[in-house]
Structure formats: structure tokens, C-alpha cells
Amino acid sequence: MDWLYVTMPIAGVEIFWPGLLILGLGVGIIGGFFGMGGAWMVTPGLNILGFPMAFAIGTDIAHMAGKSLISTMRHSKFGNVDYRLGVIMIAGTVGGFELGAQMIMWLERIGHVDLFVRVGYLILLGLIAWLVFADVLQKRRKEREARATGKLQPDAAGGIQWHKTFHKLRIPPIVHFKAAGIRCSMWLPVIVSFFTGWLAGILGIGGGLIRMPSLIYLIGVPTHVAVGTDLFEVAISGLYGAASYTYKGRTELVAAIIMLVGASVGAQIGSVATKYVRGYGIRLFFGVAVVGCGVSVALKLIGSFSSTWRGLLDAAATVLILGLVVALSGFIVLRFVRGARDELRMKRQREAAILSQR
Amino acid sequence: MLGSHRFLIRRAALALAAFPYQLLAAAGKAEPIVFVADSRRYHGWQAWFTNLYNDSLLMFTVVTVVTIPVVGVILGLLTDFLMARIGINLRSRTVAEH
């Protein structure tokens, strides 16, 4: 079974290549659907496949840039990408990312990188999960109240509306973002992107996990446009991140390309699946993914403190994260298949009706 | 209830922001880690690739940064073509909401 393994020329480790392909496919689906790179799944996944953490981060970011480019191309055709917003955010993201990447290189030198990355992940995932579920619960409560009083609930009147407060920041220039349908100070996306870029650089991720909810909750971008714009952002910042990590000698290009083959198929499926799911549905499943990821990171972290339980907890984290990738990508594929089937059926019915009228 | 959430978020954000600086203060003199790929094990393109990595990280970075988007666009166009074969509308989405 040697043919199932390929030697990574730089890291010098033997890697099970179908694992890379499947990992790429899974995170391609999830990334295209939720609007993020999926590093939070790939980095531990690569580590599980036998990559040293330092190479896992660089390789992940390199593959993520290519995959997000594919998803952006697809979302752009649906009108889900606000390029003006994306371009404005790039400056902040790159500045913040470089600061974070310099910090992580230094942490690696003193030997705390694994611990720091996992603690950072955990805090961040907890905050994001709380935010998403609080939003969904608030939205449902408002809907119940609206039903009780007999008033119609407009789609836009969702749960958490922090962006309304941030839009009161009227520092010029005030910019209109057409695709997103919002008007705010240019400094709002710059500040938000600098902060999210800094976090992304420190945690070794593309930033989509943080930026997607930030676009929705802090800037007020509709969910589908947040997904597409974030992917555009991940593609650009991911390429910059890949250059940064590669120049520091931490990227395995061969692995990134193998993953990209699987991710190219997944990215198409995930992006097209957003056609068939409402914004709050995307947010809810995003929250589920974040919780699953958080639990797996917590298991790894606890295992690092206990030599007795380490093996068991690491295995549990592996099972959980792979299970999460399988379950989420399975759910998205199902929605894609159902949606496409219904659309094709309706298309055939329309065509049949036109023919019968002739 | 909302106040306690805000307090928790503020504390977590402060902890996250302060953590690297605490470690920075404890760093002392640390030497940078240098990775070297073992090019003696390989032949052909793999030998060229590992030598490129060892000789010039700048050129290795240029090769990586050019290869990734080029491969991405080629694979994207290919999968886009295959997706269009299904027959669904790939130009607009029907669901529109915040």
C-alpha cells in the first residue's frame, strides 16, 4: 500500500495522500458554504495526518488561497461579492495579519506555539459560538413576539443588530457598498479588518472564521454577501499569508496542490448550496461547526497537560473533527442535491407548460 | 445578564491581547529555527524543488505564490464547466435576505 503515501519533499514526512484529498474536499464544501478558508479544520487535520504544526499552518494557508479563489469566482456570479468592501478591508487585514504572523514566529522560537494557538482558538471559538446562538435565539424570540401580536416580521429585522450602533460612527469618508446595501464610514471596515487580520495571523488562519461574523454583526452585511465578500478577502489575504509563511520556510506546496484538487470540487458544491439555504440557516450551522471545533481543540489542550489521558483525548479530538467535517459537508451536499433537484424539476415543469401552450 | 456578557467578552479580549506580550517579556535571547530539506533523498523535480527551497526562499516563495492561483483558476474553470453540465441556474440565487 505504499502508493497511498507520498513523501513531502520539504517537511520530509510520508503523508497519506487520499487523506489530503478528502480533507480538501470536505473543507472546500464547508468553506464555500460558510465563506471561510476552513483553517480551523485543516490545521488540526494536517497535524493529525502527520504534519508538524509549523508546516501545517503554512500549507493550509497556501491551499486556502487557491480554494477561496475558486469559491469567489462562483459567488461573484450570484452577486454575493462586494468588491469595494473587500478591497477596503484588504489593507487592514494585511497590516493586522503581518503583526500577528510576526508574533507567532516569535512564540515558536520560545516553544509555546502549540499551546498559544490552541488557547487562542478556544477563547475565540467560545465567543463566536455565543454570538451566533444569541443572535439566532433573539431572532426567534422576536418572531414569536411578532406572531403573538399579529405583526409581520421583516426578514432584515433579525437578532443582534450591533452594526446599527457602529453605523453611527460618521467619520468621513462615508462609503456606499452597493452589493452589501449598506452605507457607513470607510474606517469601520478598516478597523474591523485590522483586528480580525491580527487575530488571523496569530492563530494561523485565513481569518474567515472571525471575519464572516464580523461582517454580519459589526458591519451589517447580509449573510450571503458576507459569505462571498469574505471568500474574496480570504483569497487575497490567504495569498499574502502564504507568501509570508513560505518566505519563512513553512509551506509544503505539494500537499497544498493535492488538497486543492479535492477543494476545487468541494468549493463549487458549497458555493452553489448557498442558493438553497436562508441566511439564518447558514448562521445556525456555522455556530454548530464552531462548537464542534471548540470541543476538539479543548480535548487537545486538556490532553497536552495529562500524559495519561493524552492518547485517548487526542484520538477523541481526531474523531470529532473528522466527524464534524463529514457531517457538515454531508449536510451541505444534501441541501445542494435537494435544491438542484427541485430547481431542475421546476425548470422542466415550466418548459412543459410553455410547450403545452403552443 | 447583558452586562455580564459584556464583562466576560471584555475580560476575554484583554486576556487574548495581553498574552503574547507576557510571553514576549519572558522570552530572553532565542535563536531563529532554520529548516533544511534533505535534497540527497530525491531525484528530478523533487531534487530541484528541495534545492530551490534550500538555496533561495525568495524564489521558492515566488514559485508558490504564482502556482497556487494558477492551479486554482485552472481547477476552478474546470469544475465550473462540470457544474454547468447539471443544468441549474448558476447566474442568480432565489433566496435573498439578511
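Up top is the structure these notes are about.
Counting restarts for each chain, with residues numbered from 1 along the sequence as it is written. Chains carry letters and ligands carry numbers; both start at the beginning, A for chains and 1 for ligands, and go up in the order they are written. Reporting in this predicted model follows two pLDDT cut-offs: at least 70 for local features of residues, and 80 or more for side-chain atom pairs to be given and counted; totals over whole chains, interfaces and linings ignore these cut-offs and use all residues. Side-chain numbers come from the whole structure's heavy atoms, not from hydrogens or water.

## A word on the interface of chain B and chain A
Selection rule: The contact definition used throughout considers only heavy atoms, calling two residues in contact when any of these lie within 4.5 Å. Helix numbers and strand numbers start at the N terminus; a helix is a DSSP run of H or I with at least 4 residues, a strand a run of E with at least 2. When residues are sorted by character, Ala, Val, Leu, Ile, Met, Phe, Trp, Tyr, Cys and Pro go into the nonpolar class, Asp, Glu, Lys and Arg into the charged class, and all the rest, Gly among them, into the polar class.
The interface is formed by 56 residues belonging to chain B together with 72 residues belonging to chain A. At the level of secondary structure, the elements contributing two or more residues to the side of chain B that touches chain A comprise helix H1 (2-25), helix H2 (44-55) and helix H3 (57-84) of chain B. The greatest single-element share of the side of chain B that touches chain A, amounting to 19 residues, is contributed by H3(B). When grouped by side-chain class, the residues that make up the side of chain B that touches chain A number 36 nonpolar, 14 polar and 6 charged.

## A word on the pairing of strand E3 (residues 174-177) of chain A
Residue and element names in this part refer to chain A. The cut-off we apply is this: Three labels apply to residues, based on accessible area from a 1.4 Å probe with only protein chains included: buried if under 20% of the type maximum, exposed if over 50%, partly exposed otherwise in between. In short, DSSP must find at least two bridges between two strands for them to pair.
Across the two faces of E3 the burial differs, with Val175 and Phe177 buried and Ile174 and His176 not buried at all. Two strands pair when backbone bridges link them, and E3 and strand E4 (residues 182-185) are joined in this way by 4 bridges, in the antiparallel orientation. Within E4, the residue paired with histidine 176 across the bridge is arginine 183. What sits between E3 and E4 in their antiparallel hairpin is a turn of 4 residues, with glycine 181 showing a positive phi close to 70 degrees.

## Overview of the environment of A:Tyr247
By the secondary structure assignment, A:Tyr247 is in helix H9 (residues 223-247). For A:Tyr247, a relative accessible area of 48% corresponds to the partly exposed category. Residues A:Tyr247 and A:Gly58, spaced 189 residues apart in sequence, show a C-alpha to C-alpha distance of 9.9 Å. Discounting residues that sit within four places of it in the chain, A:Tyr247 has contacts with B:Leu57, B:Leu58 and B:Thr61.

## Structural notes on a nonpolar patch on the surface
This is how it is decided: A patch consists of residues exposed above 30% relative accessible area that lack any salt bridge, with like charges linked at up to 9 Å and nonpolar side chains (Val, Leu, Ile, Met, Phe, Trp, Tyr) linked at up to 5 Å. Areas reported as accessible are Shrake-Rupley estimates using a 1.4 Å probe. Residue values count occlusion only from the protein chains shown. Criterion for a salt bridge: a side-chain nitrogen of Lys or Arg within 4 Å of a carboxyl oxygen of Asp or Glu.
A surface patch of nonpolar side chains, amounting to about 660 Å² of accessible area, comprises A:Tyr247, B:Leu58, B:Met59, B:Val62, B:Val66, B:Val70 and B:Ile74. The element best represented in the nonpolar patch is H3(B), accounting for 6 residues. Looking at the secondary structure, you find B:Val66 in helix H3.

## A few points about the side chain of A:Ser214
Residue and element names in this part refer to chain A. So the rule is basically this: Residues adjacent in sequence count toward polar contacts only when both atoms are side-chain atoms; beyond that, a polar contact is any pair of N or O atoms within 3.5 Å, and within protein one must be able to donate a hydrogen and the other to accept it.
Turning to its location among the elements, serine 214 is positioned in helix H8 (residues 208-219). Of note is the side chain of serine 214, whose polar atom sits 2.7 Å from the backbone oxygen of isoleucine 210. When neighbours within four sequence positions are excluded, serine 214 is seen to be in contact with Val192, Thr196 and Ile219.

## Re the nonpolar core
Within soluble globular proteins, side chains that are nonpolar tend to cluster in buried spots. Heads up, the condition is: Nonpolar cores are built from buried Ala, Val, Leu, Ile, Met, Phe, Trp, Tyr and Cys residues. Side-chain atoms within 4.5 Å join them into one set.
One finds A:Leu20, A:Phe34, A:Phe51, A:Val221 and A:Phe286 to be the most contacted residues of the largest nonpolar core, which totals 110 residues. For this core, the element with the highest residue contribution is helix H5 (residues 113-149) of chain A, accounting for 11 residues. When sequence neighbours within four positions are dropped, the list of residues in contact with A:Phe34 reads A:Met212, A:Val227, A:Ile282, A:Phe285, A:Phe286, A:Leu328 and A:Ile332. Formed by 5 residues, the second largest nonpolar core is a distinct cluster that contains A:Ile70, A:Leu260, B:Val71 and B:Leu75.

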